[in-house]
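What the coordinates show
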Amino acid sequence: GEISPFGAVEMLAQTTAAASAARNAGANTPQPQIGMLVGLSDFHFHRRPKIGESLCLEVNEVGGVDPLHHFQTTLKVDETIVIEGMLKVWIAAPKTSVSRPPAPASSTDPPCQAAGVPRAGVLDRAIAEALTHFQADGDRVDAAFQFPSSFPAFNGHFPESPIMPGVVILQS
């Protein structure tokens with residue numbers, strides 16, 4: 001199989017968020033900043049990466065004026081750029097209050113299972129429960145969802161200001 005363009009953009013956006021958080025970690029920022037992907041430009045999809053290929057994601061902030069930041073992103077396979085483009089991200093000013101960090105993952109969690117992140121089965125069930133309308137007609141599918149504030153994907157994304165994770169949008 002191949003990684004969809006939507007999935008690749010989501011990986012680049014999450015890498016941008018992680019890089020921004022790492023950069024701010026040593027800047028005495030009282031808590032993580034909230035950001036939102038607000039635009040894409042000049043994206044080129046030279047080919048779709050295949051599932052199982054080793055990927056290298058690169059992110060460089062290249063400009064912008066607070067609160068809008070521009071990041072040049074590339075996704076490479078074996079040093080060959082397969083996807084590249086500009087992400088535009090709105091980043092909120094940090095709050096002055098400090099919230100408690102999430103509890104560490106328990107020893108029963110798989111290595112990549114972060115604390116507060118629902119397991120796939122829990123998330124799949126919650127998405128199915130949020131489905132309010134479904135209609136398939138040939139090549140077209142119409143679906144509507146209503147996600148309650150208790151939806152498990154909101155845990156940690158972000159406390160006090162929940163935002164639907166892009167990967168949930170793609171999965172839904």
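Analysis parameters
Residues numbered from 1 in each chain as written. Predicted model: local features only at pLDDT ≥ 70, side-chain atom pairs only at ≥ 80, totals over all residues. Heavy atoms only, no water. pLDDT = per-residue confidence, 0-100. Contact = heavy atoms within 4.5 Å. Helix = DSSP H or I, 4+ residues; strand = E, 2+ residues; numbered from the N terminus. Buried < 20%, exposed > 50% of the residue type's maximum accessible area, 1.4 Å probe, protein only. Polar contact = N/O pair within 3.5 Å; in protein donor to acceptor, adjacent residues only side chain to side chain. Pairing = 2+ DSSP bridges. Axes fitted to C-alpha atoms, helices over the stretch in contact; angles between N-to-C directions. Salt bridge = Lys/Arg side-chain N within 4 Å of Asp/Glu carboxyl O.

1. Some thoughts on the confidence of the model for the protein chain
Looking at the protein chain as a whole, its pLDDT mean stands at 74, while 65% of the residues score no less than 70. Low pLDDT, under 50, characterises residues 96–117; the stretch is placed with 17 contacts to residues that sit more than four places away or in other chains.

2. A word on the environment of His69
Of note, His69 is situated in strand S3 (residues 68–77). A residue is classified by how much of its surface remains accessible, and His69, at 12% relative accessible area, is buried. Apart from residues lying up to four places away in sequence, His69 is in contact with Glu61, Gly63, Gly64, Leu87, Lys88, Val89 and Ile91. Engagement of the side chain of His69 in a polar contact is seen with the side chain of Glu61, the distance being 2.5 Å. There is a polar contact of 2.7 Å between the side chain of His69 and the side chain of Asp66.

3. So, the sheet that holds strand S1 (residues 35–45)
Taken in spatial order, the 4 strands of this open sheet run S1-S4-S3-S2, and their pairing is antiparallel. Edge positions in the sheet fall to S1 and strand S2 (55–65), since each of these pairs with one other strand and no more. Ignoring which end each strand starts from, the neighbouring axes of this sheet average 20° apart. Taken together, the 8 bridges between S1 and strand S4 (residues 80–91) define a ladder with antiparallel strand orientation. From the neighbouring strand, His44 faces S4, where its bridge partner is Glu84.

4. Quick look at unusual backbone geometry
The residue after Asp66, namely Pro67, is reached through a cis peptide bond having omega 5°. Locating Pro67 in the fold gives a position in the loop between S2 and S3. Although it is not a glycine, Asp78 adopts a positive phi angle of roughly 50°. Relative to the helices and strands, Asp78 resides in the loop between S3 and S4.

5. Quick word on the pattern of salt bridges
Across all of its chains, the model carries 3 salt bridges by this definition. Here Glu53 and Arg47 are joined by a salt bridge, their closest N and O atoms 3.1 Å apart. When its relative accessible area of 31% is taken as the criterion, Arg47 is described as partly exposed. Lys76 serves as the salt-bridge partner of Glu58, at 3.3 Å between the closest nitrogen and oxygen.

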